[in-house]
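Chain by chain, the residues:
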Amino acid sequence: MSFGSFEQGASHQPMSEINTTPLVDVMLVLLVIFIITAPLFHHAVPIDLPKVDAKRLDDRPRIVAVAIDALGRVSIDGSAVTSSELAQRLGQAAAADELPELHLRADRATRYERVTEILAEAQRQGLTRIVFVTQPPP
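Residues numbered from 1 in each chain as written. Predicted model: local features only at pLDDT ≥ 70, side-chain atom pairs only at ≥ 80, totals over all residues. Heavy atoms only, no water.

1. Brief notes about the nonpolar core
Okay, so step 1: Among the nonpolar cores identified, the biggest contains 16 residues, and Val64, Val66, Val74, Ile76, Leu86, Leu90 and Ile118 are the most heavily contacted of them.
Okay, so step 2: For this core, the secondary-structure elements that each account for two or more residues are strand 1 (63–68), strand 2 (74–76), helix 2 (83–94), strand 4 (101–106) and helix 3 (112–125).
Okay, so step 3: Ranked by residues supplied to this core, first place goes to helix 2 with four residues.
Okay, so step 4: When neighbours within four sequence positions are excluded, Ile118 is seen to be in contact with Val66, Ile68, Val74, Leu86 and Leu104. (Core = buried A, V, L, I, M, F, W, Y, C linked by side-chain atoms within 4.5 Å. Buried < 20%, exposed > 50% of the residue type's maximum accessible area, 1.4 Å probe, protein only. Helix = DSSP H or I, 4+ residues; strand = E, 2+ residues; numbered from the N terminus. Contact = heavy atoms within 4.5 Å.)

Right, here's the structure in full:
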């Protein structure tokens, strides 16, 4: 039994045309729904805010840049530091009002042990926001 025309004398070939009427109906219903709901996405209460002269707040966090070269020497914000100075400088940064981000740049030849020492010292001093700075491949 095949579907097609209702004529009895016609051949019994299946109908090869697609009925697009239901697809158009669904599309029109969706269009109407989107037209009705689109204004609701931008619903705001009008408020007359006061006008003041104030300094704009900086959304970017303060950054402490720590670099480790291939020999394991450490520098903070471009100046070389010893292990005791490292602890002191990280402690000063953590004591600030706003907790800074620690951006750690390590040479690829740096021993993993040296990197973990720096991370452990940062954690001891209270710095928890740590970013590993890398370069994308060419």
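Next comes the rest of the description.
2. Quick notes on helix 2
Okay, so step 1: The end-to-end C-alpha distance of helix 2, which contains 12 residues, comes to 17 Å, matching closely the 16 Å that a straight helix rising 1.5 Å per residue would cover.
Okay, so step 2: Inspection of helix 2 places Leu86, Leu90, Gly91, Ala93 and Ala94 among the buried residues, and these make up the whole buried set. In an axial view of helix 2, the angular spread of the buried residues amounts to 160 degrees, which keeps them on one side of the axis.
Okay, so step 3: Its buried side turned inward, helix 2 meets strand 1, strand 2, strand 3 (79–81), strand 4 and helix 3. (Expected span 1.5 Å × (residues − 1). Arc of directions from axis to C-beta.)

3. Digging into unusual backbone geometry
Okay, so step 1: Notably, Asp77 is not glycine yet its phi reads approximately 50 degrees, a positive angle.
Okay, so step 2: As for its placement among the helices and strands, Asp77 is situated in the loop between strand 2 and strand 3.

4. Some thoughts on the layout of surface pockets
Okay, so step 1: The volume enclosed by the largest pocket comes to roughly 260 Å³.
Okay, so step 2: Lining the largest pocket we find Leu104, Arg105, Ala106, Arg108, Phe132, Val133, Thr134 and Gln135.
Okay, so step 3: With three residues, the top contributor of residues to the lining of the largest pocket is strand 4.
Okay, so step 4: Taken together, the residues of the lining of the largest pocket sort by class into four nonpolar, two polar and two charged. (1 Å grid on protein atoms, 1.4 Å probe; cavity = no way out; pocket = protein on both sides within 12 Å on 5 of 7 lines; lining within 4 Å. Points joined across faces, edges and corners; volume = space filled by probe spheres on them. Nonpolar A, V, L, I, M, F, W, Y, C, P; charged D, E, K, R; others polar.)

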